[in-house]
Amino acid sequence: KQFKGGQSNPTYLIKDKTKNYVLRRKPPGKLLKSAHAVDREYKVITALGNTDVPVPETYCFCEDENVIGTQFFLMDHVDGNIYWELLLPESDNNQRREIYLSMNDTIAKLHNVDFKKIGLSDYGKHENYMARQIYRWTKQYKDSETQKINEMDNLIEWLPKNIPDDDETSIVHGDYRLDNMIFNDNHEVIGVLDWELSTLGHPIADFNYHCLNWRTLPQLQDEKYCKESGIPSEKEYMDMYAMRTGKDLNKHWEFYIIFNIFKIAAILQGILGRVRDGTATSKHAEERGMQVYPLSEAAWNNVLKEYG
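Here's what I pulled together on the structure shown here. What you see is a predicted model; the values in this text were computed from it and never measured.

Some points on the environment of Ile258
Okay, step 1: Position of Ile258 among the secondary structure elements: in helix α9 (residues 253–277).
Okay, step 2: With residues up to four places along the chain from it excluded, the contact list for Ile258 reads Leu155, Trp158, Leu159, Ala299, Asn302, Val303 and Tyr307.

Notes on the nonpolar core
Okay, step 1: Formed by 81 residues in total, the largest nonpolar core has its most connected members in Leu48, Leu155, Leu159, Ile171 and Phe207.
Okay, step 2: The biggest single contributor to this core is α9, with 13 residues.
Okay, step 3: Not counting residues up to four positions away in its chain, the partners in contact with Leu48 are Val53, Val55, Leu110, Val113, Ile118, Ile171 and Trp195.
Okay, step 4: Among the nonpolar cores identified, the runner-up in size contains 5 residues, and Tyr21, Leu23, Cys62 and Phe72 belong to it.

Quick notes on the packing of aromatic side chains
Okay, step 1: Taken as a whole and judged by the stated rule, the model has 13 aromatic pairs.
Okay, step 2: Taking the centre distance of 5.5 Å and the plane angle of 85° together, the rings of Phe255 and Tyr256 count as edge-to-face.
Okay, step 3: Using a relative accessible area of 1% as the deciding quantity, one classes Phe255 as buried.
Okay, step 4: Given a relative accessible area of 1%, Tyr256 falls into the buried group.
Okay, step 5: An aromatic cluster is built from Tyr100, Phe207, Trp214, Tyr237, Tyr241 and Trp253, whose rings are joined through pairwise contacts.

With respect to helix α3 (residues 129–143)
Okay, step 1: Taking 1.5 Å per residue, 15 residues should reach 21 Å; α3 reaches 21 Å between its end C-alpha atoms and fits that length.
Okay, step 2: When we look at burial in α3, the residues that qualify are Tyr129, Met130, Gln133, Ile134, Trp137, Thr138, Gln140 and Tyr141. End-on view of α3: buried residues confined to an arc of 165°, all on one side of the axis.
Okay, step 3: Where α3 is buried, its residues touch α4 (150–158), β5 (170–172), β8 (199–201), α5 (203–210) and α9.

The rules behind these values
- Residues numbered from 1 in each chain as written.
- Predicted model: local features only at pLDDT ≥ 70, side-chain atom pairs only at ≥ 80, totals over all residues.
- Heavy atoms only, no water.
- Helix = DSSP H or I, 4+ residues; strand = E, 2+ residues; numbered from the N terminus.
- Contact = heavy atoms within 4.5 Å.
- Core = buried A, V, L, I, M, F, W, Y, C linked by side-chain atoms within 4.5 Å.
- Buried < 20%, exposed > 50% of the residue type's maximum accessible area, 1.4 Å probe, protein only.
- Phe/Tyr/Trp six-rings, centres within 6.5 Å; stacked < 30°, edge-to-face > 60°.
- Expected span 1.5 Å × (residues − 1).
- Arc of directions from axis to C-beta.

Okay, structure coming up:
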């Protein structure tokens, strides 16, 4: 049975007489070279199984494409709650706060992991993460470009010239968001999913990506709403993470906001490219992909506002 979500790597529930598993595979058809890296997902989830970061137990990785047509891996089915809406309309104030606090605690745990100790020294390069990310997403955008977007071209020129000098390295998830987590009934994260974009990289860039909700949802920009709903404000959420990791978030926060909006726009352009090529796995793919236009405009407007 195929799970909903997962625009990129199709994911299935597999049952036998004693246990439930999850199978994660590459999508069929023509693929971009660096995308859909299920082998890397398997490697990082397996290594993190030895830490306090909550991940499913892994069982095997199959390289032989003759078995089901693509590479795939098998992991435990973590049974719990997935929340699809960031404002958590079905939850009460205390539950919302507990969910957000657990998300914050979990990403702090991830960024505090000593990646060398768990055998992930070779999981990515140890320096110049931002330069490499800008190059990667620029290339991915260009490879799937369907129409010229001036704001994206402006960002592609501006970003490499304005990278902060605060390089540091940790494991980064790359797509850490509410619906990539499974929670228990105590509103604690018991499984982080969808590690396809994970690598060694800049923890603040990774955390900043997770915090974009406070810029994209009008309700979360309203501190009164946050107070009344139980959801921490952006500043409160940043302070919690800073306390758990000892990192200074304030100096270059807006650069990472701009970069991460650019990254999402490039991902969405990739979806439009798959629609064009006939390999998109979701019927809503084109509608979602079209968000590349307002997002790239928002990112470039932020450059003009913050940097003149």
